[in-house]
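Residues per chain, in single letters:
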Amino acid sequence: MMKICFCSDMDKSVLLNNFEKRGWMQVTADDDWNFYWAGTQTCRNIFSVDSGYRMHDNQIINHFPNHYELSRKDLLVKNIKRYRKDLERDGSALAEKVNDGGINGPKYLYLDFIPVTFVLPADYNMFVEEYRKNTQSTWIMKPTGKSQGAGIFLINKLSKLKRWSREAKTSFHPAIGKESYVISRYIDNPLLIGGKKFDLRLYVLVTSFRPLKAYLFKLGFCRFCTVKYDTSVTELDNMYVHLTNVSVQKHGGEYNNLHGGKWSVQNLKLYLEGTRGKKVTEKLFGGINWLIVHSLKAVQPVMASDRHCFECYGYDIIIDNNLKAWLVEVNASPSLTSTTVNDRILKYKLIDNILNIVLPPDGIPDVRWNKIPSAENLGNFELLIDEELATQTQEDNILGSMTTGKQRINNRWK
């Protein structure tokens, strides 16, 4: 039996305990390794042209070379916009638009799952045009390359943006600083529970982009703000009201260390079925599956689908009070730090299940394997899409019934 060697540049117990439980041996990056759980920067170095590193058939790593096409806020938006345009050009039913009489003109019927977003400074004039259509709206600014809520702020007046761009001269001056920002229409009607705003953190495992194979972890969770939601201008700068990131909320006076401001997706489902009914709850979760699959399809043409790679993405999704899901962002390195006991159990299971899916039945990494795991090996994951297993006729039949509304959207990949 081959001894599997792993290396990792992350000292996280949920990782190391899983590897050791399997009898794997830890080695350094300079040794011969079979399995590497690496940070994104390490991956970039391994895949860089200069490194000249060539992986052999018994090596796999936990990121795709250019994962940032999905996980960088500006690139995600660019790829989704391009995807919609391509489908429109091809006359696809998926790109159908409807005019709901709103001030913002026609909307995509099936692909309207990201808020109206612009990249600054490049799209500044387009943003101003959109802003002037409805000067009452609030916008949220985020630096494209940062995470954990860093550098985010809300604006409701153009003058505030102009003042910011004057003060942050380096950010807006291409010659000096390269940092760009995305500015999105703020979802100001979030679904509230107990008066508080929350978002969903869902884990999505992609084992291949061509053909696309993706799985959704059923044990996702909601992350709540510690302070009740308040849209008043006085609270515009209060991030405890607006940002659900644990890295922000844990500094708040109301933060609860026991449950960490988290709630399981199962609890959310039960709550929604009880308050809004089973049918709309199923439609909401069908819509979530739909937006995940299409965000992946949007980056599929540009993603380097290396057979040595798999990736677990952290999807952040906000639900508005009409029970519509919006994609906020995708993380390539979702946190494996445990803030509570439940958190640790969940993340341990997540890693264990990922290993069962990405490894062939004999447990030895092998890129020649067709990456079709047995049903038993899925654990808490469910299949979202496997283009290899899906046939074109099924796709067409189900799209037909979806457009007539006879079948739930997410049946398309069942």
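The structure under discussion appears in the preceding block.
What counts and how
Residues numbered from 1 in each chain as written. Predicted model: local features only at pLDDT ≥ 70, side-chain atom pairs only at ≥ 80, totals over all residues. Heavy atoms only, no water. Helix = DSSP H or I, 4+ residues; strand = E, 2+ residues; numbered from the N terminus. Buried < 20%, exposed > 50% of the residue type's maximum accessible area, 1.4 Å probe, protein only. Polar contact = N/O pair within 3.5 Å; in protein donor to acceptor, adjacent residues only side chain to side chain. Contact = heavy atoms within 4.5 Å. Expected span 1.5 Å × (residues − 1). Salt bridge = Lys/Arg side-chain N within 4 Å of Asp/Glu carboxyl O. Pairing = 2+ DSSP bridges. Axes fitted to C-alpha atoms, helices over the stretch in contact; angles between N-to-C directions.

A closer look at the side chain of Ser 8
Part 1 of the reasoning: Considering the arrangement of structural elements, one finds Ser 8 in strand 1 (residues 5-8).
Part 2 of the reasoning: Judged by relative accessible area, which is 15%, Ser 8 ranks as buried.
Part 3 of the reasoning: Among the polar contacts made by the side chain of Ser 8, one reaches the main-chain amide nitrogen of Met 10 at a distance of 3.1 Å.
Part 4 of the reasoning: Among the polar contacts listed, one links the side chain of Ser 8 to the backbone oxygen of Trp 37, at a separation of 3.0 Å.
Part 5 of the reasoning: With residues near it in sequence (within four places) discarded, Ser 8 still touches Leu 15, Gln 26, Tyr 36 and Trp 37.

Thoughts on helix 10 (residues 265-276)
Part 1 of the reasoning: Here helix 10 contains twelve residues, and its C-alpha end-to-end distance of 16 Å stays within 8% of the 16 Å for a straight helix at 1.5 Å per residue.
Part 2 of the reasoning: Next to the buried residues of helix 10 lie strand 11 (192-193), strand 12 (196-209), strand 14 (221-224), strand 15 (262-264), helix 11 (278-299) and strand 16 (311-319).
Part 3 of the reasoning: Two residues or fewer after helix 10 comes Gly 277, characterised by a positive phi angle close to 105°.

Looking at the pattern of salt bridges
Part 1 of the reasoning: Applying the stated rule across the entire model yields 21 salt bridges.
Part 2 of the reasoning: A salt bridge links Arg 22 to Asp 352; its shortest N-O distance comes to 3.0 Å. Here Arg 22, found in the loop between helix 1 (13-21) and strand 2 (25-26), pairs with Asp 352, found in helix 12 (residues 341-358); they are 330 residues apart in sequence, far enough to count as distant.
Part 3 of the reasoning: Arg 89 is the partner of Asp 86 in a salt bridge, and the nearest nitrogen-oxygen pair spans 3.2 Å. Of the two residues, Asp 86 and Arg 89 are both situated in helix 4 (residues 73-89); the distance of three residues between them amounts to about one turn of the helix.
Part 4 of the reasoning: You can call Asp 86 partly exposed: its relative accessible area is 25%.
Part 5 of the reasoning: One connected set of salt bridges, linked through shared partners, spans Asp 199, Arg 201, Arg 223 and Asp 316.

Looking at the sheet that holds strand 10 (residues 181-185)
Part 1 of the reasoning: Spatially, 7-10-8-9 is the arrangement adopted by the four strands of the open sheet, whose pairing is antiparallel. Edge strands, defined here as strands with exactly one partner in the open sheet, are strand 7 (117-120) and strand 9 (153-155). Going from strand to strand, the sheet's axes swing by 25° on average, the running direction of each strand aside.
Part 2 of the reasoning: Sheet topology note: the strand 8 (residues 139-143)/strand 10 ladder contains five bridges and is antiparallel. Counterpart to Ile 140 in the pairing with strand 10 is Ser 184.
Part 3 of the reasoning: Together, strand 7, strand 8 and strand 10 form the strand contacts of helix 4, whose direction differs from that of strand 7 by roughly 130°.
Part 4 of the reasoning: Packing of helix 5 (residues 124-133) onto the sheet brings it into contact with strand 7, strand 8, strand 9 and strand 10, and relative to strand 7 it is tilted by some 140°.

Structural measurements only, silent on function.
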